[in-house]
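Notes for the structure review
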Amino acid sequence: MAASGSGRFLVGREGGDALLTLYNPGAEPDTAVHDALRRMPADHVPTLFATGRFGDLAYDVVEHVSGGTLAEAGHDPGRLRLLVDELGRALASFAEAGL
């Protein structure tokens, strides 16, 4: 039976929560992106746990990162500084991986 719809879901897994993303047909990420994510250091990029297909939908499961939203951080200079630092390190990791 083919799955319908798409979306993001917080799911429980051994060792903590994860984020399951179901992609609409034709909207799934290139497999090269998943390959690059697997090679990246886990200190600034969420861990990619699994990829695959459910019916006609591609999916991936990544580490759930908690800590609030960007809007919430915008009112706390210390938190915003930490967020910008982490974002910069993540972007540097993506650049090193050729993404």
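Analysis parameters
Residues numbered from 1 in each chain as written. Predicted model: local features only at pLDDT ≥ 70, side-chain atom pairs only at ≥ 80, totals over all residues. Heavy atoms only, no water. Buried < 20%, exposed > 50% of the residue type's maximum accessible area, 1.4 Å probe, protein only. Helix = DSSP H or I, 4+ residues; strand = E, 2+ residues; numbered from the N terminus. Arc of directions from axis to C-beta. Contact = heavy atoms within 4.5 Å. Polar contact = N/O pair within 3.5 Å; in protein donor to acceptor, adjacent residues only side chain to side chain. Pairing = 2+ DSSP bridges. Axes fitted to C-alpha atoms, helices over the stretch in contact; angles between N-to-C directions. Phe/Tyr/Trp six-rings, centres within 6.5 Å; stacked < 30°, edge-to-face > 60°. Lys NZ or Arg CZ within 6 Å of the ring centre and 35° of its normal. Salt bridge = Lys/Arg side-chain N within 4 Å of Asp/Glu carboxyl O.

1. Considerations on helix H1 (residues 31–39)
Residues of H1 that are buried include every one of His-34, Ala-36 and Leu-37, and no others. Seen along its axis, H1 keeps its buried residues to an arc of 160°; they face one direction. Of the residues in H1, the exposed ones pointing more than 90 degrees away from the buried face are Thr-31 and Arg-39. Buried residues in H1 make contact with strand S3 (48–54), strand S4 (57–63) and helix H3 (77–96). Two or three places before Ala-32, at the opening of H1, Asp-30 has a side-chain oxygen 2.7 Å from that residue's backbone nitrogen.

2. A short note on the side chain of Ser-93
Along the chain, Ser-93 falls in helix H3. In contact with Ser-93, other than residues within four places in its own chain, are Met-40, Pro-41 and Val-45.

3. Looking at the pairing of strand S2 (residues 16–23)
Judged from the seven bridges that link them, strand S1 (residues 7–13) and S2 form a sheet pairing that is antiparallel. Within S2, the residue paired with Leu-10 across the bridge is Leu-19. Between S1 and S2, which pair antiparallel and follow one another directly, the connecting turn spans two residues, one of which, Gly-15, has a positive phi of 95°. Relative to S4, S2 runs antiparallel, the two sharing six bridges. Among the inter-strand pairings, Thr-21 is bridged to a residue of S4, identified as Asp-60.

4. Brief notes about the sheet that holds S3
Reading across the sheet, the four strands line up as S1-S2-S4-S3 and stay open at both edges, with antiparallel pairing between neighbours. Edge strands, defined here as strands with exactly one partner in the open sheet, are S1 and S3. Shown here is a sheet whose adjacent strand axes are inclined to one another by a mean of 25°, direction ignored. In the packing of H1 onto the sheet, the strands contacted are S3 and S4, and the crossing angle to S3 comes to about 160°.

5. Remarks on the packing of aromatic side chains
Under the counting rule described, the total for this entry stands at zero aromatic pairs. For the cation-ring pair, Arg-13 lies above Phe-49, with the distance from its terminal atom to the ring centre recorded as 3.6 Å.

6. What about the pattern of salt bridges?
Opposite charge on two side chains lets them pair, provided their charged atoms get close. Taken as a whole and assessed by the stated rule, the structure comprises three salt bridges. The salt bridge partner of Asp-35 is Arg-38, with a shortest N-O separation of 3.7 Å. Within this pair, Asp-35 and its partner Arg-38 are both found in helix H1, separated by three residues, close to a single helical turn. With a relative accessible area of 40%, Asp-35 lands in the partly exposed category.

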